[in-house]
Amino acid sequence: MAHHKSAIKRIKQNAKRNARNRHVTSTLKTYIKRVREAVEAKDKEAATAALKAAIPVIDASASKGVIHTSNASRNVSRLTKLVNTLG
C-alpha cells in the first residue's frame, strides 16, 4: 500500500482512468462487432446504419486517448470497405 499522498492520489487516478478506458474499449468493440455481424448477414441497410453509429464512437475513443488516431482511422477505413463490398 502506498504511504505518500502523491502515490495515493496516483493510485486513485489510475483506477478511474482504467475504468473509463475499459468502458470505452468495450463499447467500441461492441459497435465494431455490430457492423461485422450485419455484413455477415448480408444486410446492407443494417450494416450501413451500424457503420454510421460506429464511426462517432471510434472517433470519440481516439479523441479521449483510449486508442491511437491511426488505429481509429484504420478501423473506420476497414469497416467502410467491408460495408461497401455488399454492393
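Everything numeric here is computed off the predicted structure, so don't read it as measured data.

Thoughts on the overall build of the protein
Then, in step 1: A count of helices and strands for the protein gives three helices and zero strands.
Then, in step 2: Starting at the N terminus and ending at the C terminus, the protein contains elements arranged as α-α-α.
Then, in step 3: Since a compact globule built from 87 residues should have a radius of gyration of about 12 Å, the 17 Å found for the protein marks it as more spread out than a globular shape.
Then, in step 4: Taken along its principal axes, the extent of the C-alpha atoms in the protein is 60 × 20 × 15 Å.
Then, in step 5: Restricting the contact set of the protein to residue pairs at least 6 apart, pairs at least 24 apart contribute 58%.
Then, in step 6: Surface accessibility of the protein: about 6,400 Å² in total, with carbon and sulfur atoms responsible for 53%.

Some details on the nonpolar core
Then, in step 1: Counting residues in hydrophobic clusters, the biggest one holds 19 residues, and the most contacted among them are Leu28, Val35, Ile58, Ile67, Leu79 and Val83.
Then, in step 2: Contributing elements (two or more residues each) for this core: α1 (5-40), α2 (44-63) and α3 (69-84).
Then, in step 3: Tallying contributions element by element places α2 first for this core, with seven residues.
Then, in step 4: Look past the residues within four positions of Val83 in its chain and what remains in contact with it is Val35, Val39, Lys44, Ala47, Thr48 and Leu51.

The rules we used
Residues numbered from 1 in each chain as written. Predicted model: local features only at pLDDT ≥ 70, side-chain atom pairs only at ≥ 80, totals over all residues. Heavy atoms only, no water. Helix = DSSP H or I, 4+ residues; strand = E, 2+ residues; numbered from the N terminus. Rg over C-alpha atoms; globule rule 2.2 N^0.38 Å. Contact = heavy atoms within 4.5 Å. Areas by Shrake-Rupley, 256 points an atom, 1.4 Å probe, with all protein chains shown as cover. Core = buried A, V, L, I, M, F, W, Y, C linked by side-chain atoms within 4.5 Å. Buried < 20%, exposed > 50% of the residue type's maximum accessible area, 1.4 Å probe, protein only.

Structural measurements only, silent on function.
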